Amino acid sequence: MIRSLGAAAVILALTMPVNAVDVTVSAAPVLRFKGVEIDQRVDGLIFRGGVTLQSQDDTFGGLSGLTLTGANQRVAFVSDRGNFVSGQLAYDQSNRLFGFIGVSIEPMRNSKGEVLPRQFARDAEGVDTVWRDGVPSAVRVGFENLTRVADFAITDGRPGGAAREVAVPEWVSQARTNRSLEAICVAPPASPIGGSTLLLMEDVLDGDGNHRGTILGNRDKGDVSYVNSPVVNPTDCKFLPNGDLLVLERGVQLISFVMRLTRVKAEDVQAGNLMGGEVLLSAQGGEIDNMESLLVHQAPNGETRIVIGSDNNFNDWQRTLLLEFALPE
């Protein structure tokens, strides 16, 4: 057992970049989802297509969270090996997502600017962007295992540099498992908690059996709960421009992945509340994979899009899949 763990640590070290590296990522289109074609209604959304991503570089993978970092669809993923994976979502003239380009991978660093030393500290699961005067100034990252929240500066659309720790309630930092802090999202100005940060836990439950969460902010702070389901758990969240909250949940049922996307009304996202809402999308089986990341952004034509991505856990039998949707008008 000790020899196996030692070998795994050596392999992990060999696949961790010390500095930023550029990688090439290929993409294959996804043209159908749940029996519908592009631009057709699926549940409460409109399917806009998608891609599966692959790279020969073995540091690419394990993408657990996704956020916007600049203009022209500049984004960054966080990986569960403690990397930022930055690049640009590429669209064709018909506003179809067709690739992920200009990709670089850079290791996250601690408050001293040193690469995170242990896998226990690298397990980044969620990320969102902190905006200042309409400009993305930092990304806010949630980690599990060594459960914490940290900010990283954005430079030319790429996050990095030394971590700046964000204070969280003691009960959050004490939940040191790989089923703790999964979802983190920063509320927009239209939200009743505009500017504050929402944290949702995967498998840390309150006395009524619901998922625990908390709101970090100057004016709006305090604990919240999110309705528990016997099949799926929260894995990411993002706010819509009008302040409504989207919660992505995933699970496993009959050896296949299950996912659900729920919309919570803006006024329900406040300290002390038990949050729940309308299911916009659900899927399972071969249509999806281990769906863990969520992004709300504008396509080149200005349409608000919702991207749902999967974490392949660096397994050959799983995919890095991005599915894109729009809300009906």
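Because the structure is predicted, anything quoted here is derived from the model rather than measured.

### Observations concerning the side chain of Thr-129
Next up, step 1: Looking at the secondary structure, you find Thr-129 in strand S11 (residues 124–132).
Next up, step 2: Separated by 2.6 Å, the side chains of Thr-129 and Thr-67 make a polar contact.
Next up, step 3: There is a polar contact of 2.4 Å between the side chain of Thr-129 and the backbone oxygen of Leu-68.

### Here's the deal with the state of the cysteines
Next up, step 1: The full count for this structure, using the stated rule, is one disulfide.
Next up, step 2: Across the disulfide, Cys-185 is cross-linked to Cys-237 (sulfur-sulfur distance 2.2 Å). One quick way to see it: the torsion about the S-S bond of Cys-185 and Cys-237 is about -105°, and its sign makes the bridge left-handed. Linking Cys-185 in strand S15 (residues 181–186) with Cys-237 in strand S19 (residues 233–239), this pair joins segments that are 52 residues apart in sequence.
Next up, step 3: Looking at Cys-237, the relative accessible area reads 0%, which means it is buried.

### Some remarks on the environment of Gly-113
Next up, step 1: Topologically, Gly-113 is positioned in the loop between strand S10 (97–107) and helix H2 (119–122).
Next up, step 2: By relative accessible area, which is 28% here, Gly-113 ends up partly exposed.
Next up, step 3: Between the alpha carbons of Gly-113 and Ala-162 there is a distance of 4.3 Å; along the sequence they are 49 residues apart.

### Points about the sheet that holds strand S16 (residues 197–205)
Next up, step 1: Pairing in this open sheet of five strands is mixed, and the strands run S15-S16-S17-S18-S22 from one edge to the other. Sheet topology places S15 and strand S22 (274–275) at the edges, where each strand pairs with a single neighbour.
Next up, step 2: Judged from the five bridges that link them, strand S17 (residues 211–216) and strand S18 (residues 222–226) form a sheet pairing that is antiparallel. Bridging from a neighbouring strand, Thr-214 pairs with Asp-223 of S18.

### What about the confidence of the model for the protein chain?
Next up, step 1: In this model, the protein chain carries a mean pLDDT of 94, and residues with pLDDT of at least 70 account for 95%.
Next up, step 2: Confidence drops under pLDDT 50 across residues 1–15; counting only partners more than four residues distant or on other chains, this segment forms six contacts.

### Observations concerning the sheet that holds strand S1 (residues 21–23)
Next up, step 1: Spatially, five strands are ordered S1-S10-S9-S8-S7 in an open sheet, and the strand pairing comes out antiparallel. Each edge of the open sheet carries a strand with a single partner, namely S1 and strand S7 (63–70). Looking at each pair of strands side by side, their axes are set apart by 25° on average, direction ignored.
Next up, step 2: Note: strand S9 (residues 83–91) against S10, eight bridges, orientation antiparallel. In the strand pairing of S10, Phe-84 is matched with Glu-106.

What counts and what doesn't
- Residues numbered from 1 in each chain as written.
- Predicted model: local features only at pLDDT ≥ 70, side-chain atom pairs only at ≥ 80, totals over all residues.
- Heavy atoms only, no water.
- Helix = DSSP H or I, 4+ residues; strand = E, 2+ residues; numbered from the N terminus.
- Polar contact = N/O pair within 3.5 Å; in protein donor to acceptor, adjacent residues only side chain to side chain.
- Disulfide = S-S within 2.5 Å.
- Buried < 20%, exposed > 50% of the residue type's maximum accessible area, 1.4 Å probe, protein only.
- Pairing = 2+ DSSP bridges.
- pLDDT = per-residue confidence, 0-100.
- Contact = heavy atoms within 4.5 Å.
- Axes fitted to C-alpha atoms, helices over the stretch in contact; angles between N-to-C directions.

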